[in-house]
Amino acid sequence: ADLDSMHLQELLCLLPALVLAQSQFVEWGPPHGYKPEGCCATKRSYGIYEEKWETTEFECRRQCEHMLKCQAYEHSSVTIRALAYTPISRCELHLEPIDHVVPSMHPSVCYIKLSSAPPPAARPIPSPSPAPPPPARLAPRPGPPAP
């Protein structure tokens, strides 16, 4: 059991490095001069976007973060008559620059990528100290030869 807990502790120590290696550093914010509440929009329309349903805002943001061409995301809770007006979440992954927010009939937020950079070089994680070697066993000294 002690050996298993030592392996688990080592894995837990490595976890932050594994997460760091797979994520980008993206700074998010609403379009300049706007609050985030509302629908994402471009100068001429609501923009070109991919739609995902039944995702949390965190999942929506994460999908945009990992999609190079995604410029912004909008997350909203909409009600649809065909679903008996039960709220359902919608994620829009916008593929062109968003420059403003327009009011929405549904609870919505719009965030754009303010900056995006690859993760900084991760500092090497020191390895746990190796276990001390087992004590040396002394071989019995040979005695006088048997007659």
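Details of the structure are given in the entry above.
Residues numbered from 1 in each chain as written. Predicted model: local features only at pLDDT ≥ 70, side-chain atom pairs only at ≥ 80, totals over all residues. Heavy atoms only, no water.

1. What about the overall build of the chain?
Put simply, the rule reads: By the criteria applied, helices consist of DSSP H or I runs no shorter than four residues and strands consist of E runs no shorter than two, each listed in order from the N terminus. Should any heavy atoms of two residues lie within 4.5 Å, those residues are counted as being in contact. Exposure was quantified through the Shrake-Rupley algorithm and a 1.4 Å probe, taking into account, for residues, occlusion by the shown protein chains and nothing else.
If you tally the helices and strands in the chain, you get two helices and seven strands. The linear arrangement of helices and strands in the chain, starting from the amino end, is α-β-β-β-α-β-β-β-β. Long-range contacts, defined here as pairs at least 24 residues apart, represent 77% of the contacts in the chain between residues at least 6 apart. Carbon and sulfur atoms make up 62% of the accessible area of the chain, which amounts to about 11,200 Å² in all.

2. Structural notes on the packing of aromatic side chains
We apply this condition: The aromatic pairing rule takes the rings of Phe, Tyr and Trp, using the six-membered ring of Trp, and pairs them if the centres are within 6.5 Å, calling planes under 30 degrees apart stacked, those over 60 edge-to-face and the rest tilted. Here, a charge over a ring means that NZ of Lys or CZ of Arg falls within 6 Å of the ring centre while also lying within 35 degrees of the ring normal.
Going through the model one piece at a time under the given rule, you end up with two aromatic pairs. Members of the aromatic cluster, connected to one another through ring pairs, are Trp28, Tyr73 and Tyr111. One Lys or Arg, Arg61, reaches over the ring of Tyr111 and ends 5.1 Å from the middle of that ring.

3. Observations regarding the state of the cysteines
Worth spelling out the cut-off: In plain terms, two cysteine sulfur atoms within 2.5 Å form what is called a disulfide here. The cut-offs for exposure are 20% and 50% of the maximum accessible area for each residue type, with area from a 1.4 Å probe on protein chains only; residues under the lower value are buried, those over the upper are exposed, and the others partly exposed.
This model, assessed by the stated rule, comprises three disulfides. Between the sulfur atoms of Cys40 and its disulfide partner Cys110 the distance amounts to 2.1 Å. Classification of the bridge connecting Cys40 and Cys110 rests on its S-S torsion, roughly 115 degrees, and on that basis the disulfide is right-handed. You can see Cys40 sitting in strand 2 (residues 39-41) and its partner Cys110 sitting in strand 7 (residues 108-117), a full 70 residues away along the chain. Across a sulfur-sulfur distance of 2.1 Å, Cys60 and Cys91 are joined as a disulfide pair. Measuring the twist about the S-S bond at about 80 degrees, one finds the Cys60-Cys91 disulfide to be right-handed. In this pair, Cys60 sits in helix 2 (residues 57-65) while Cys91 sits in strand 5 (residues 87-94), placing the two residues 31 residues apart along the sequence. The pair formed by Cys60 and Cys91 is uniform in burial state, with each residue classed as buried. Sequential numbering of the bridged cysteines in the chain gives the disulfide pattern 1-6, 2-5, 3-4.

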